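Listed below are the residues making up each chain.
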Amino acid sequence: MRKVIVVTTLLLTMVGSAVAQTVHQGRVKYIRERYAEAKAQVAANGQNGTAPLDATITLSNPEQIDEDFVLDDWTELRFYFSKDRTGPATGNGNAASCYLVIENNTSNGHTRYREILFDSNEGTLLFCYMKGVTDAGFEVETRYYYGEDGQLVDQRHKVGGQDAAPGAHTWNDADSEKAVAKSYLAAFDALMNSGSAAAGEFIGNVKATPKAERMKTIRSAYAQAKQQIEADEKMEDPRYMKVVVHDQTMGPPYTIEMKYNFTQLRQGDEKRNHCYFISEHRHHNMMGMDLYREFLFDTKRVNLMFTYGVSHEEGEKLESRHYFDENNRCIEVIGQEEGESDGSIEKRMAQQYLKIFDLMANPTD
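Structure report, in brief.

Definitions and cut-offs
- Residues numbered from 1 in each chain as written.
- Predicted model: local features only at pLDDT ≥ 70, side-chain atom pairs only at ≥ 80, totals over all residues.
- Heavy atoms only, no water.
- Helix = DSSP H or I, 4+ residues; strand = E, 2+ residues; numbered from the N terminus.
- Buried < 20%, exposed > 50% of the residue type's maximum accessible area, 1.4 Å probe, protein only.
- Contact = heavy atoms within 4.5 Å.
- Areas by Shrake-Rupley, 256 points an atom, 1.4 Å probe, with all protein chains shown as cover.
- Pairing = 2+ DSSP bridges.
- Core = buried A, V, L, I, M, F, W, Y, C linked by side-chain atoms within 4.5 Å.
- Salt bridge = Lys/Arg side-chain N within 4 Å of Asp/Glu carboxyl O.

### Observations concerning the overall build of the protein chain
If you tally the helices and strands in the protein chain, you get 4 helices and 17 strands. Out of the 365 residues in the protein chain, the part that is buried amounts to 40%. Within the protein chain, counting contacts between residues at least 6 apart in sequence, those at least 24 apart form 50% of the total. Of the accessible surface of the protein chain, which amounts to about 20,400 Å², a share of 51% is contributed by carbon and sulfur atoms.

Below, the structure is given as structure tokens:
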């Protein structure tokens, strides 16, 4: 009787394993089909008179070790998205849904290429591909396939150009790739779906200086920031983050271009990238609409100091300047919106833009 039970158990285990394997094979096939569709959609992006739907974030973050030695770190992320999501509600009927992220990275002679595939309707992770090459030419290549519940269903590895078993290297794993995908998708949502980037007020609980003195401080800080930006742009390895978005929501396509200028703040052995200036340019390619904004932040803490905005539409020019005290209260509005704005819109936008920056420039483990 015991033998019968053992044999039956073995048979059931084998059958269960075969069923699971068949299910996994079906899932991998499904993912490969979605991957082929995504690649075809990328190839057609912006072709045949259609407006492109893509966003690119470029981060250049070199570190000056000494006068003659700079550690370079350059990353480009390209997001491809659609606006016909039919899956779960996003809270925005016109929400952008990312289906593919392509990453290129160089760091001190090492290179990394990565592709991350998402379900365009559900927004869930399907597949991660990564190829890393050292400065000596050694390669590691990984493929991770994920099920509907986010669990790994299959993986493929190559080490030194040869097929390898899982565990043959320590460059990444299914969980680390999933974490990268989550971080990049969060940056995309903060950029394209502003409702997902909701953030609290800037922290401010210090004694505010008199208004006249504060205004003088802000104008001085603005001039210093402009000088620093000019100096940074002349460097062989400048430090910056750029964002370019091609989008079409209602009617003609428009383009968003953003530039982040930042420095590194050190506290003991720790360092953090700190953005001190953001410039933004939005223009509609066929409507003659043009908008330019600037955001100035305190160089020593994350606090908004000043915003400037100018828009052009149908020959009309609108300008505004907002000045903020140390506690993030708007103390002066100059321009078209004078007396009509408390700076809350500007503060909310600044928070959203800083969230994108922190996700890219200050990632957490």
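### As for the pairing of strand S6 (residues 110-118)
Alignment of strand S5 (residues 97-107) against S6, held across 8 bridges, turns out to be antiparallel. Its bridge partner lying in S6, Thr106 is registered against Thr111. The turn joining S5 and S6, which pair antiparallel and follow one another in sequence, is formed by 2 residues; a positive phi near 55 degrees is taken by Asn108. Pairing of S6 with strand S7 (residues 125-133) involves 8 bridges; the strand directions are antiparallel. Bridge assignment links Ile116 to a residue of S7, and that residue is Cys128. If you look at the hairpin formed by S6 and S7, you'll find 6 residues sitting between the two strands, and Gly123 has a positive phi there, around 75 degrees.

### Describing the nonpolar core
If you look at the biggest cluster of nonpolar residues, it comprises 47 residues, and the most contacted ones within it are Phe79, Met241, Tyr260 and Ile278. At 9 residues, the largest contribution of residues to this core is made by helix H2 (residues 174-192). Look past the residues within four positions of Ile278 in its chain and what remains in contact with it is Met258, Lys259, Tyr260, Arg293, Glu294, Phe295, Phe297, Tyr353 and Leu354. Core analysis: the next-biggest nonpolar cluster, separate from the first, contains 14 residues, Tyr99, Leu100, Ile102 and Leu117 among them.

### Here we look at the environment of Ile256
Locating Ile256 in the fold gives a position in strand S12 (residues 254-267). Here the alpha-carbon distance between Ile256 and His246, two residues 10 residues apart in the chain, equals 6.7 Å.

### Structural notes on the pattern of salt bridges
Applying the stated rule across the entire model yields 22 salt bridges. Between Glu177 and Arg114 there is a salt bridge whose closest N-O contact spans 2.9 Å. You can see Glu177 sitting in helix H2 and its partner Arg114 sitting in strand S6, a full 63 residues away along the chain. The two residues Glu177 and Arg114 agree in class, both being buried. Arg156 is paired through a salt bridge with Asp154; the nearest N and O atoms lie 2.9 Å apart. By sharing partners, the salt bridges in this structure join Glu103, Arg112, Arg114 and Glu177 into a single network.

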